[in-house]
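Below, each chain spelled out in residue letters.
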Amino acid sequence: MISETVLVPAGGTTLHGDFVTPTPAGAVVLFAHGSGSSRHSPRNRMVAAELRSAGLGTLLMDLLSEEEERHDTLTAEHRFDIPLLGRRLVAAIDWLEVQSESSGLPVILFGASTGAAAALVAAADRPWRVLTVISRGGRPDLAKDALDQVTASVLLMVGGQDPEVLRLNEEAARRLRAPHSLRVIQGATHLFQEPGALEKVADTARQWCDNRLRSVGKASEEEE
């Protein structure tokens, strides 16, 4: 397994990331954290570890530069700038394509909170690279018009005790034209802090990724 801290160029700035890839890897999961969080999010790191155990690479990255992060801490200016965050994810997708460990591998986007909206924007922009989008307690409604343009399959996971976010996810799901599934994690609140809740998220995400990759493999075999 290869593990390294990387620098990802993105539109005139440089973003820090933690890139871990099993050898061989079936796909790479690019994580987009929520507002006010970072690549050090313990919840995303827990899910990333579970996905690596299933043979997937992971890239957890900061979506803001250090200077932008300091400014955002004071003003909250950037954390809801979904077009900006979406462009940062697109830059990371393009960066993964030119890395020897990940070139040609399917990209899976995993977004939490506002990061889910950014993931959907990036998926709409790079349909040929993104296999699927996974949202944990996300705000897909903030992706706005990108919802209609996403062609990759989408998994929406919401806590059963997070009623407002659940309502927003239900509304967003009705707008999605791509194959999608809404899974309610019973007993969980927005941050999935309840015992077993995050483990359920990780297991559901792992199964979803496995099924998507199996479908791609089966389609490839049928074309041969």
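Further up the page is the structure itself.
In this text, all values refer to a predicted model and were calculated from it rather than measured experimentally.

Asks: When you look at the nonpolar core in this model, what are you seeing that I'm missing?
Replies: Generally speaking, soluble globular proteins have nonpolar side chains that are buried together. By size, the foremost hydrophobic cluster in this structure holds 45 residues, and its most contacted members are Leu30, Leu59, Met61, Leu89, Leu109 and Val133. Broken down by element, the residue count for this core peaks at ten residues, all from helix H3 (residues 82-97). Filtering out sequence-adjacent residues up to four positions away, Leu109 remains in contact with Leu30, Ile93, Ala119, Ala122, Ala123, Val130, Thr132, Val133 and Ile134. Listed in part, the 24 residues of the second largest apolar core include Met157, Phe192, Val201 and Ala202.

Asks: Would you mind showing me how to read the packing of aromatic side chains here?
Replies: The geometry of two aromatic rings is summed up by the distance between their centres and the angle between their planes. Here the structure, examined in full by the defined rule, presents two aromatic pairs. Pairing Phe19 with Trp95 gives two aromatic rings, centres 5.6 Å apart and planes at 70°, and the pair type is edge-to-face. With Phe19 in strand S2 (residues 13-21) and Trp95 in helix H3, this residue pair connects regions lying 76 residues apart in the sequence. On the basis of relative accessible area, Trp95 is assigned to the buried category, the value being 11%. One residue, Arg212, lies across the ring of Trp208, its end atom 4.0 Å from the ring centre.

Asks: Teacher, can you tell me more about the pattern of salt bridges here?
Replies: Pairs can form between side chains of opposite charge whenever their charged atoms are close. For the structure shown, the criterion picks out 15 salt bridges. A salt bridge links Arg129 to Glu97, with the shortest nitrogen-to-oxygen separation between them at 3.0 Å. Here Glu97 lies in helix H3 and Arg129 lies in the loop between helix H4 (114-125) and strand S6 (130-136), a separation of 32 residues in the sequence. On the basis of relative accessibility, which here comes to 10%, the residue Arg129 falls in the buried class. When its relative accessible area of 30% is taken as the criterion, Glu97 is described as partly exposed. Within the structure, one salt-bridge network assembled from shared partners comprises Asp18, Arg39, Arg45 and Asp62.

Cut-offs applied
- Residues numbered from 1 in each chain as written.
- Predicted model: local features only at pLDDT ≥ 70, side-chain atom pairs only at ≥ 80, totals over all residues.
- Heavy atoms only, no water.
- Core = buried A, V, L, I, M, F, W, Y, C linked by side-chain atoms within 4.5 Å.
- Buried < 20%, exposed > 50% of the residue type's maximum accessible area, 1.4 Å probe, protein only.
- Helix = DSSP H or I, 4+ residues; strand = E, 2+ residues; numbered from the N terminus.
- Contact = heavy atoms within 4.5 Å.
- Phe/Tyr/Trp six-rings, centres within 6.5 Å; stacked < 30°, edge-to-face > 60°.
- Lys NZ or Arg CZ within 6 Å of the ring centre and 35° of its normal.
- Salt bridge = Lys/Arg side-chain N within 4 Å of Asp/Glu carboxyl O.

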